[in-house]
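# Breakdown of the fold
Listed here are the chains, written in short residue letters.
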Amino acid sequence: MNICVVGTGYVGLVTGAVFADLGNDVICVDNVKEKIDMLNSGIMPIYEPGLKELVNHNMEDGRLIFSTDLNDGVMRSEVIFIAVGTPPKENGETDLSHVQHVARGIARSIERYKIIVNKSTVPVGTGDMVREIIERNKRRDVDFDVVSNPEFLREGSAIRDTLYPDRIIIGAPSQHVAMTLLELYASLERPMLITDVHSAEMIKYASNSFLAMKISFINAIANICEKAGADVTQVVKGMGYDKRIGSNFMNPGLGFGGSCFPKDVDSLIHIARKFGTKATLFESIVEINKYRAQHFINLIKEKMDPMAGKQFGILGLAFKPNTDDIREAKSLEIIKLLLAEKAIIKAYDPAAMENCKKIFPDIEYCKSSYDAAEGSDALLIVTEWNEFKLLNMEKIIAVMKKPVIFDGRNIYRPERKKRLGFEYYSIGR
Ligand code: UDX
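An unreviewed UniProt entry annotates the protein chain as UDP-glucose 6-dehydrogenase originating from candidate division CSSED10-310 bacterium. In its Sequence similarities (unreviewed entry) section, the UniProt entry covering the protein chain states "Belongs to the UDP-glucose/GDP-mannose dehydrogenase family." Turning to the protein chain, the UniProt record has this under Catalytic activity (unreviewed entry): "UDP-alpha-D-glucose + 2 NAD(+) + H2O = UDP-alpha-D-glucuronate + 2 NADH + 3 H(+)".

### Observations regarding the sheet that holds strand β11 (residues 364-365)
Strand pairing within a sheet occurs via backbone hydrogen bonds; the two strands may be parallel or antiparallel. Spatially, the 6 strands line up as an open sheet ordered β11-β10-β9-β12-β13-β14, and their pairing is parallel. Two strands bound the open sheet, and with one partner strand each, they are β11 and β14 (423-426). In this structure, strand β13 (residues 404-407) lies alongside β14, joined through 4 bridges in parallel fashion. Looking at the pairing, Ile405 lines up with Tyr424 of β14.

### A word on unusual backbone geometry
Across the chain, the bulk of peptide bonds are trans and the bulk of non-glycine residues have phi less than zero. Residue Asp305 is joined to Pro306 through a cis peptide bond whose omega torsion reads -5°. When you line up the elements, Pro306 lands in the loop between α13 (292-304) and β9 (311-315). Despite not being glycine, Asn322 shows a phi value in the positive range, around 65°. Secondary-structure assignment places Asn322 in the loop between β9 and α14 (330-340). Given the relative accessible area of 37%, Asn322 is considered partly exposed. With phi around 65°, Lys342 is a residue other than glycine that occupies positive phi space.

### Structural notes on the pairing of β13
Burial along β13 is two-sided: the residues Val404 and Phe406 and Ile405 and Asp407 are all buried. Of the strand pairs in this sheet, strand β12 (residues 378-381) and β13 are connected by 3 bridges, and their pairing is parallel. Of the residues in β13, the one forming a bridge with Leu379 is Ile405.

### Overview of the environment of Val6
Its place among the elements puts Val6 in strand β1 (residues 2-6). By relative accessible area, which is 5% here, Val6 ends up buried. Separated by 188 residues in sequence, Val6 and Ile194 have C-alpha atoms that sit 23 Å apart. Once you skip the residues sitting within four places of it in the chain, Val6 turns out to touch Val29, Leu70, Ile80, Phe81, Ile82, Ala83, Val84 and Val102.

Calculation notes
- Residues numbered from 1 in each chain as written.
- Predicted model: local features only at pLDDT ≥ 70, side-chain atom pairs only at ≥ 80, totals over all residues.
- Heavy atoms only, no water.
- UniProt positions renumbered as here; feature names shortened; annotations may be inferred.
- Pairing = 2+ DSSP bridges.
- Helix = DSSP H or I, 4+ residues; strand = E, 2+ residues; numbered from the N terminus.
- Buried < 20%, exposed > 50% of the residue type's maximum accessible area, 1.4 Å probe, protein only.
- Contact = heavy atoms within 4.5 Å.

And the structure:
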């Protein structure tokens, strides 16, 4: 099939590369020329394991091309995916200006029947909006359909998630239109739900908000465990045996960050209010999450008072492991709060330091975890990268000023760390 993917961010680039790998002819379009130039010379604008190999291999085989020319992309293709950014506005509402811009571009170029697929995370009703924009601006008397096909990939495992999704959601105006998308995904042999456009749009927000709710829920339980002397790890285990609950996505810690959960829950709050329904539950998810960094700092303050002049080694800056993404990362809030306490910071992350330097150019960045630990009064685990789990703790203890660990992601076993001679604090244990 001839496919055009508009937007070469996480979703667009990975989707385009995977569709090409499945044997389709794919043109990925982006209006940022530097990004297209980079991609054309084999450089990936994002860090994602396996992506470079997948993109380059499909480019060499001629199934994947990159261009800034939306008109050409539309003309070549039967199916056009919109995978542009939908950032939040100040008030939490989703900014749809990029989607609207692309819809107008498609309208100008459409010259025969096409299916336009919304892959960007968009509020319910956006499919109708895209339809209206194209209808209003099209230059030729052609028919088209708008489909919602939300994406559930996670950064760091984006290719695997696209090849083996738990489910594929196709929200189409008719069975006939859905069949084209079904055909496109058939070779993945994954569960598919064909539904209407509005429901498909809601599935995405409901899913992300539910996952965010699980995280905030267990963090609220962890708060009680800390006061009551219970161990949240045991609580999750005990809850998880109940098949209705499960223990996935219940790791307590510093809360959720990234480009999706925070903005999607905010957007759902906005959608609920717009329709005049109560958003109390969603508001609580956000409120609990917002307080995680301060909660962590309060714990540190309690044990390390005064913090001014003390040195903290931060391990992990990315919003989660296996990415260089620091959008809404908890590390940023923690650094800000530490700086407000006049603490000294030495930070290390395997991938995200360059991005963090753009926001905090004046803190010290280190070559390794050991370097960050050197001379520090305490070590803070902020992102649970695998390499932090297997550190040589004798070496760490030898270089630290004081052997203190604040583990914001519960990556270590308390009794082991204590046996090694650390003063060890974690979340909800
Ligand atoms: C998420 C969704 O998982 C994905 O389906 C959607 O398409 C986009 O948003 P992503 O933001 O890449 O993906 O990361 P994810 O792995 O879901 O983690 C999100 C945040 O939650 C991270 O900050 C992570 O540290 C945190 N988290 C996750 C927890 O604090 N506890 C958990 O148990 C799981």
